[in-house]
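Chain by chain, the residues:
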Amino acid sequence: MECKFCGREMVDDAVYCFYCGKRLDGKKPCPSCKALVPDDAVFCGRCGTRIEPEVLKDEPLAQEAAGETPPDDAAEQTGQSAPPEEETESGEQSGQSEDGSAQEDAQDGDLNEETESPPEEKTVRTPKWKKAVEITQLSLAGFAALVGFVFTFCIGLTVSAGVKGDLFIYDYFGKVYENLDRIIVINNIGDTQSFALYMPFVFGTLVAIAALICNFVFTIMTVVALVRQYAYKREGVCFVKPALRTFISYSVFATVFYALNAEKVHSVGGIDSSIYFNGATLAALILGGVAFGGYFVCRAVLRLNDFTDKKEIISSSVALGTGAVGVVTAILLSMAVCRFSTAEESYSLGFMPMIYNAGFNLSDSTNCGGVMCFGIPSFAVQIALLVLTVCVIAEVAVRVGTGSGFGKKPLGMAIAAAVLTVLYFLGAFAAANMLNAEVSADSVSRSYGVPITVIVLGFIMLGGVIATIVLDKKFRRAA
């Protein structure tokens, strides 16, 4: 085979050129994750790191490495003496020819000596501060994964109703079912109402199983990638992506667990009750969130030169605003969907607490079944909307951290999230109406502040994604 850089012949199984030292396939390793990328690549296709272009060598040196003579003048390039302007004697012409042949042989000898050893390449050393930032970002990704793995087993809520108590995710494997059968028998609850009482606990068990499975899968993927990257030195392997997914999985299931039990009651002259994250879960969300955000901050620091461009600052600012809207939306999706107010009390309920209250308070099986028919699909929509929102937040973090730009995937997720916000509101409206079907409409007032706010934020998030895509395309076209 022939080296496409210097043109010298190489053996068929060679990976690097014997003379110029270049990879024969034209690829080079990414400075961050060591994955092989094309020689003219600007960003790494695996981790998104910006790849600094190599310093081009002088053209004469490159030509010498290729076995060519620099074109200083036409006479030296062709190896022939210039034609005489006037006729000369044959002896003089013969002397000039011999002199030209001698010069050509000398040049060939010098060229052979120069091409016997490959030219030395200038190695660009990575500054110490960049190495420190790279180590920091990898440490933050590993810490986020560790938080997600350990604290998945500690996901819990504090229930305050006069006396505080804790409800953990593993309680749904048996503890919550202990007194339910006895309550159904004592209160002579019908079949439909009994099914409604069981439904929140069944969903809680499914959420707990899914949380543990996802936690184990992402943790194993992280450990395997870590061993392959550092123990076996495999190229193109990076543990960061599964590590960040481990924490994202934890944060999603913690939020779903809160939404599953979202309930708050305020009584005039009575006992107030509320549910909120316990200390361990809240601390894990904060610490892991800081590590998750810190990782992408480090990625942005490594490309500080890009932020000297006003166009990049504008585009990244719009993306950051979109991410902030997504974070607020995710927080609201963990809250109760409807607030009921009477003269004596006010209470806010999520979809599953609505179903549980329907099993206790509704005597008509049709109304109770209606609450379940609207509440169960709406809770599934709520989970899907939360997952899409978190995915958009992750895409924004990648966009700001690497500058790689948005693709079609975040746009599709933002459109789907905007559509689901409308279904989320309609489900809350229908379930709340069915729950109050047996009471006078004047005695209970309902408000849907959370679903309405989620709709507004969902479309703002969609607009932010579209604006970021348009700005990226416009600025790159101008560049």
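Scope of this entry: the structure provided in the associated data block. Remember, it's a predicted structure, so these values are computed and weren't measured experimentally.

1. Focus: the overall build of the protein
- In terms of helices and strands, the protein carries 13 helices and nine strands.
- Looking at the protein residue by residue over its 479 residues, the buried ones come to 41%.
- Once local pairs closer than 6 in sequence are excluded, the contacts in the protein between residues at least 24 apart make up 70%.

2. What about the environment of Val 301?
- Within the secondary structure, Val 301 sits in helix 8 (residues 279-301).
- Taking the C-alpha atoms as reference points, Val 301 and Lys 130, 171 residues apart in sequence, are found 8.7 Å from one another.
- Apart from residues lying up to four places away in sequence, Val 301 is in contact with Trp 129 and Val 133.

3. Digging into a positive patch on the surface
- Together, Arg 46, Arg 228, Arg 234, Lys 241 and Arg 245 make up a region of like positive charge exposed at the surface.
- Its relative accessible area of 47% is what places Lys 241 among the partly exposed residues.

4. Section: a nonpolar patch on the surface
- A contiguous nonpolar patch, built from Tyr 170, Phe 173, Ile 209, Ile 213, Val 217 and Met 221 and spanning about 540 Å² of accessible area, is present on the exposed surface.
- Looking at where Phe 173 falls in the secondary structure, it is placed in the loop between strand 4 (163-168) and helix 5 (180-186).

5. Concerning the pairing of strand 8 (residues 345-349)
- Taken across its five residues, strand 8 has four buried, putting it largely inside the fold.
- Where strand 5 (residues 263-267) lies against strand 8, five bridges are found, and the strand directions are antiparallel. By the bridge assignment for strand 8, Glu 263 is matched with Leu 349.
- Note that strand 7 (residues 338-341) and strand 8 share four bridges and pair antiparallel. Its bridge partner lying in strand 8, Arg 339 is registered against Ser 348.

6. Examining the side chain of Ser 249
- One can find Ser 249 in helix 7 (residues 240-260).
- Setting aside anything within four residues of it in sequence, one finds Ser 249 in contact with Cys 214, Asn 215 and Phe 218.

7. Overview of the pattern of salt bridges
- Throughout the structure, instances matching the rule amount to four salt bridges.
- Taking the shortest distance from any N to any O, the salt bridge between Arg 399 and Asp 472 comes out at 3.0 Å. Placement of the pair is Arg 399 in helix 11 (residues 365-402) and Asp 472 in helix 13 (residues 449-478), with a sequence separation of 73 residues. The exposure classification of Arg 399 matches that of Asp 472, with both residues buried.

8. Some details on unusual backbone geometry
- Even without being glycine, Asn 188 reaches a positive phi, approximately 50°.
- Its location among the elements puts Asn 188 in the loop between helix 5 and helix 6 (191-230).
- The backbone phi angle of Lys 233 is positive, close to 55°, even though this residue is not glycine.
- You can see Lys 233 is positioned in the loop between helix 6 and helix 7.
- You can call Lys 233 exposed: its relative accessible area is 61%.

9. Remarks on the nonpolar core
- Of all hydrophobic cores here, the largest spans 94 residues; its most connected members are Phe 340, Met 354, Phe 379, Tyr 424 and Leu 435.
- Here Tyr 424 is in contact with Leu 332, Leu 333, Val 337, Phe 351, Val 381, Gln 382, Leu 385, Val 450, Pro 451 and Val 454, once residues within four sequence places are set aside.
- Formed by eight residues, the second largest nonpolar core is a distinct cluster that contains Cys 30, Cys 33, Val 37 and Cys 44.

10. Regarding the packing of helix 6 against helix 7
- Between helix 6 and helix 7, whose axes approach to 8 Å, the crossing angle comes to 170°. For the element pair helix 6 / helix 7, the angle class is roughly antiparallel.
- Of the residues in the contact of helix 6 with helix 7, the class split is 14 nonpolar, six polar and one charged.

11. Some remarks on the packing of helix 10 (residues 351-361) against helix 12 (residues 408-435)
- It is the contact of helix 10 with helix 12, at a shortest axis distance of 10 Å, that shows an interaxial angle of 15°. Comparing their axes, helix 12 and helix 10 come out roughly parallel. Seen along the crossing, helix 10 lies across helix 12 with a hand that is left-handed. Mapping the contact onto sequence places Phe 351, Met 354, Asn 357 and Ala 358 in helix 10 and Tyr 424, Gly 427, Ala 428, Ala 431, Ala 432 and Leu 435 in helix 12.

12. What about the packing of aromatic side chains?
- Applying the stated criterion across every chain yields a total of 22 aromatic pairs.
- For the pair Tyr 356 and Phe 360, a centre-to-centre distance of 5.4 Å together with 70° between the ring planes defines the contact as edge-to-face. Linking Tyr 356 with Phe 360, this pair stays in helix 10, spanning four residues, or about one helical turn.
- Tyr 356 gets classed as partly exposed once you look at its relative accessible area, which sits at 25%.
- Chaining the aromatic ring pairs together yields one cluster made of Tyr 172, Tyr 177, Tyr 198, Phe 201, Phe 257, Tyr 356 and Phe 360.

13. A few points about helix 8
- Given a rise of 1.5 Å per residue, 23 residues ought to cover 33 Å, and the 32 Å separating the end C-alpha atoms of helix 8 matches this to within 8%.
- Where helix 8 is concerned, the buried positions are Thr 281, Ala 284, Gly 288, Ala 291, Phe 292, Gly 294, Tyr 295, Phe 296, Cys 298, Arg 299 and Ala 300.
- Residues of helix 8 that are buried sit in contact with helix 4 (128-151), strand 3 (156-161), helix 7, strand 6 (273-277) and helix 11.

14. Topic: the environment of Ser 317
- Along the polypeptide, Ser 317 turns up in helix 9 (residues 310-332).
- Distance in space between the C-alpha atoms of Ser 317 and Val 400 is 8.5 Å, their sequence separation being 83 residues.
- From its side chain, Ser 317 meets the backbone oxygen of Ile 313 in a polar contact 2.6 Å long.

What counts, and where the lines are drawn
Residues numbered from 1 in each chain as written. Predicted model: local features only at pLDDT ≥ 70, side-chain atom pairs only at ≥ 80, totals over all residues. Heavy atoms only, no water. Helix = DSSP H or I, 4+ residues; strand = E, 2+ residues; numbered from the N terminus. Buried < 20%, exposed > 50% of the residue type's maximum accessible area, 1.4 Å probe, protein only. Contact = heavy atoms within 4.5 Å. Patch = residues over 30% accessible without salt bridge, like charges linked within 9 Å, V, L, I, M, F, W, Y side chains within 5 Å. Areas by Shrake-Rupley, 256 points an atom, 1.4 Å probe, with all protein chains shown as cover. Salt bridge = Lys/Arg side-chain N within 4 Å of Asp/Glu carboxyl O. Lys, Arg positive; Asp, Glu negative; His and termini not counted. Charge placed at Lys NZ, Arg CZ, Asp CG, Glu CD. Pairing = 2+ DSSP bridges. Core = buried A, V, L, I, M, F, W, Y, C linked by side-chain atoms within 4.5 Å. Axes fitted to C-alpha atoms, helices over the stretch in contact; angles between N-to-C directions. Parallel < 35°, antiparallel > 145°, perpendicular 65-115°, else oblique. Nonpolar A, V, L, I, M, F, W, Y, C, P; charged D, E, K, R; others polar. Left-handed = near helix turned anticlockwise from the far one by under 90°. Phe/Tyr/Trp six-rings, centres within 6.5 Å; stacked < 30°, edge-to-face > 60°. Expected span 1.5 Å × (residues − 1). Polar contact = N/O pair within 3.5 Å; in protein donor to acceptor, adjacent residues only side chain to side chain.

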